[in-house]
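Structure assessment
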Amino acid sequence: MDYEAKGVTMGKSIEAAVLRQSGKPYVIECVTLDAPQEHEALVRIEACGICHMDIDGPSLCSLPAVFGHEGVGIVEAIGGKANVNVGDRVILGYGSCNRCPSCMQGHPFYCDKSWEVTFGGRRLDGSPTIWDSSDSPLHAAFFQQSSFATHAIVPDHCLVAMPADVPAEVGASITCGVMTGAGAILNVLDVKAGDTVLIVGAGAVGLGAIMTARKAGAGAILVADVRDGRLEMARELGATATFNPRMGAMHEWVMAQTSRGVGKLLETSGNAAAFESAIASLRTGGHMAYAILPSPMEEYALKPMPLFEKAARFEALSFGNSVPHDLYPKMLEWWQAGEFPVDRLISTFSFSDINQAMEQTRTGDVIKAVLLMEATDAQ
Ligand SMILES: [Zn+2]
Ligand SMILES: [Zn+2]
């Protein structure tokens with residue numbers, strides 16, 4: 001089934017990677033994608049990055065499901081009225097409702113419906129977007145995209161224009177994780193020339209933060225990670241000093257480097273021991289940004305006294321408090337100018353190799369896996 005660019009209600013046959021059972025492989029299935037409604041676009045996905053939120057998806061969503069939330073593609077159809085045009089090349093942003101007070105104030109990262117539009121499995125009006133071959137609705141609209149597929153339906157306010165000369169995998173790589181790191185540095189910690197910043201964890205979020213801190217002119221960029229390979233990458237991207245916490249207490253290393261602790265700290269490791277050591281690494285009046293989705297069952301033994309003693313600020317972030325329409329173009333400009341080498345993080349896989357890409361993301365063998373959909377279009 002296919003349909004015209006506007007005003008059609010029939011679905012479209014596409015291919016999507018469906019996870020039916022946690023721990024089992026994804027299977028690329030032929031499924032039906034709903035037609036776009038008003039202010040939605042049907043996007044033919046060129047590439048989609050893999051993020052740890054996709055791996056954690058089964059603990060937050062019901063199955064069977066279609067994950068994927070770092071898509072890039074071409075608008076193939078719009079549902080009646082939309083703020084994009086057929087043929088536009090776009091990067092997909094995270095979901096937001098576009099009508100709550102936070103969204104209206106330009107703060108979609110504080111959307112009242114954030115959890116629902118991210119993990120709810122349907123459009124905000126409750127309608128499903130993808131059905132399997134036996135016409136059962138799947139848990140989809142993940143981040144309002146579900147882009148582990150050849151096509152996705154996306155609200156038009158979540159689409160950001162992408163230049164034609166940027167490779168699809170580069171566009172996909174600057175979305176969720178890297179944007180979170182960049183946003184944490186610019187929007188939350190407000191890192192300025194000469195500042196000292198500590199970044200805990202050198203995954204996509206941490207490495208995005210390092211590149212951004214360097215771009216902002218930070219004087220000292222301290223980085224901790226338990227993987228020596230990641231520390232090497234961190235140094236290549238701008239870290240001025242690195243530490244492996246397997247060698248000792250991180251906060252002792254930080255105190256030796258700074259004498260008084262750090263005023264700006266980004267925690268991206270999602271690790272209880274690192275969390276405690278991070279608090280001990282702050283100077284009085286320090287600011288700690290927490291930018292990683294914790295595992296839902298995670299429990300930290302949080303002692304409030306060290307935070308109180310230091311009059312420290314602890315702030316949990318959503319997407320680095322970033323607005324994709326502002327930050328995506330900025331990061332792409334930096335990349336084009338050779339000042340944001342995000343391509344160093346990328347490993348590409350064909351869509352059919354999704355299970356291999358997920359596994360290598362899980363083990364940390366690759367930093368930013370990006371699936372390329374082009375060759376497996378269902379048409
Ligand atoms: Zn909202
Ligand atoms: Zn993500």
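Described in the following lines is the structure provided in the data block. Not measured: the values here are computed from a predicted model. (Residues numbered from 1 in each chain as written. Chains lettered and ligands numbered in written order. Predicted model: local features only at pLDDT ≥ 70, side-chain atom pairs only at ≥ 80, totals over all residues. Heavy atoms only, no water.)

Brief notes about the overall build of the chain
Note the cut-off: Helix numbering and strand numbering both begin at the N terminus, where a helix is a DSSP run of H or I of at least 4 residues and a strand a DSSP run of E of at least 2. Classification of residues uses two cut-offs on accessible area relative to the type maximum, computed with a 1.4 Å probe and protein chains only: under 20% is buried, over 50% is exposed, and between them is partly exposed. Should any heavy atoms of two residues lie within 4.5 Å, those residues are counted as being in contact. For accessible areas, the Shrake-Rupley method is used with a probe of radius 1.4 Å. Any residue's cover is judged against the shown protein chains and nothing else. Neither His nor the chain ends is counted toward charge; the positive residues are Lys and Arg and the negative residues Asp and Glu. One atom stands in for each charge, and that atom is NZ of Lys, CZ of Arg, CG of Asp or CD of Glu.
If you tally the helices and strands in the chain, you get twelve helices and 16 strands. Dimensions of the chain, computed from the C-alpha atoms along their principal axes, are close to 65 × 40 × 40 Å. Within the chain, the proportion of its 379 residues that are buried is 57%. Summarising the internal contacts of the chain: among those between residues at least 6 apart in sequence, 68% fall at separations of at least 24. Surface accessibility of the chain: about 15,400 Å² in total, with carbon and sulfur atoms responsible for 50%. Of the charged side chains in the chain, 28 are positive and 43 negative, and the gap between their average positions amounts to 6 Å.

Description of the coordination of the zinc ion (ligand 2)
Applicable threshold: Donor atoms (N, O, S) are those found within 2.8 Å of the metal centre, with the cutoff raised to 3.2 Å for Na, K and Ca; water is not part of the atom list, so apparent gaps in a site can occur.
Each protein donor to the zinc ion (ligand 2) is listed here as Cys51 (SG), His69 (NE2) and Cys176 (SG); together their distances run 2.0 to 2.2 Å. Between consecutive donor residues of the zinc ion (ligand 2), the sequence gaps follow C-x17-H-x106-C. With Cys51 in the loop between strand 3 (40-49) and helix 1 (52-60) and His69 in the loop between helix 1 and strand 4 (71-78), this pair connects stretches of sequence that are 18 residues apart. In terms of burial, Cys51 and His69 fall into one category: buried.

Quick word on the pattern of salt bridges
We count it as follows: In the sections that follow, a salt bridge refers to a side-chain nitrogen of Lys or Arg positioned within 4 Å of a carboxyl oxygen of Asp or Glu.
As enumerated under the stated definition, the model contains 15 salt bridges in all. For the salt bridge of Lys368 with Glu70, the shortest nitrogen-to-oxygen distance reads 2.8 Å. With Lys368 in strand 16 (residues 368-372) and Glu70 in the loop between helix 1 and strand 4, the pair connects residues that are 298 residues apart, well separated along the chain. The residues Lys368 and Glu70 share a single accessibility class, namely buried.

A word on helix 5 (residues 176-188)
The periodicity of an α-helix, 3.6 residues per turn, causes residues three or four positions apart to be oriented the same way. Worth spelling out the cut-off: What the bend at a residue measures is the angle between two axes, fitted to the seven residues ending there and to the seven starting there.
At Ala182, helix 5 is bent by approximately 25°, the largest bend along its length. Across the 13 residues of helix 5, eleven count as buried, placing the element largely inside the fold. What helix 5 keeps buried is the set Cys176, Gly177, Val178, Met179, Thr180, Gly181, Ala182, Gly183, Ala184, Ile185 and Val188. Where helix 5 ends, the next residue or the one after it, Asp190, has phi of about 50°, a positive value.

Thoughts on the sheet that holds strand 14 (residues 313-316)
Note the following rule: Strands were regarded as paired on the criterion that DSSP finds at least two bridges between them. Note on geometry: axes are lines fitted to C-alpha atoms, helical ones only across the stretch in contact, with angles between N-to-C directions running from 0 to 180 degrees.
Sheet architecture is open: six strands sit in the order 11-10-9-12-13-14, paired in parallel fashion. Bordering the open sheet on either side are strand 11 (241-243) and strand 14, each of which pairs with just one other strand. Recorded for the sheet is a direction-independent mean angle of 15° between the axes of neighbouring strands. Both strand 10 (residues 220-224) and strand 11 contribute to a ladder of three bridges, which runs parallel. Bridge pairing in strand 11 links Val223 to Thr242. Along the sheet, helix 9 (residues 272-280) makes contact with strand 9 (196-200), strand 12 (262-267), strand 13 (282-290) and strand 14, crossing strand 13 at roughly 145°.

Some points on the coordination of the zinc ion (ligand 1)
Only Cys97 (SG), Cys100 (SG), Cys103 (SG) and Cys111 (SG) from the protein coordinate the zinc ion (ligand 1), and they sit 2.3 to 2.4 Å from it. Read N to C, the donor residues that coordinate the zinc ion (ligand 1) are spaced as C-x2-C-x2-C-x7-C. Of the two residues, Cys97 is situated in the loop between strand 5 (89-92) and helix 2 (101-104) and Cys111 in the loop between helix 2 and helix 3 (114-119); the sequence distance between them amounts to 14 residues. Comparing Cys97 with Cys111, the two get one shared label, buried.

Things to note about the layout of surface pockets
Going by this rule: Throughout, the protein atoms alone are placed on a 1 Å grid, and a set of points is a cavity if a 1.4 Å probe fits but cannot get out or a pocket if it is open with protein on both sides within 12 Å along at least five of seven lines; lining residues have an atom within 4 Å of a point. Grid points are joined across faces, edges and corners, and a volume is the space filled by probe spheres set on the points. Each residue is assigned to one of three groups, with Ala, Val, Leu, Ile, Met, Phe, Trp, Tyr, Cys and Pro labelled nonpolar, Asp, Glu, Lys and Arg labelled charged, and all others, Gly among them, labelled polar.
What the second largest pocket holds in volume is close to 280 Å³. Every residue lining the second largest pocket is counted, 16 residues in all, and those nearest its centre are Glu40, Arg99, Leu124, Pro155 and His157. Residues of the lining of the second largest pocket, tallied by class, amount to four nonpolar, six polar and six charged.

Points about the side chain of Ser173
This is how the line gets drawn: In protein, a polar contact requires one atom able to donate a hydrogen and another able to accept it; more generally it is a pair of N or O atoms within 3.5 Å, and residues adjacent in sequence count only if both atoms are side-chain atoms.
Secondary-structure assignment places Ser173 in helix 4 (residues 168-173). What makes Ser173 buried here is its relative accessible area of 1%. A distance of 2.8 Å separates a polar side-chain atom of Ser173 from the backbone oxygen of Val170. If we ignore the near neighbours within four places in the chain, the residues touching Ser173 are Val178, Val342, Ile346 and Lys368.

Describing the environment of Pro101
Within the element layout of this structure, Pro101 appears in helix 2. The class for Pro101 is exposed, based on a relative accessible area of 51%.

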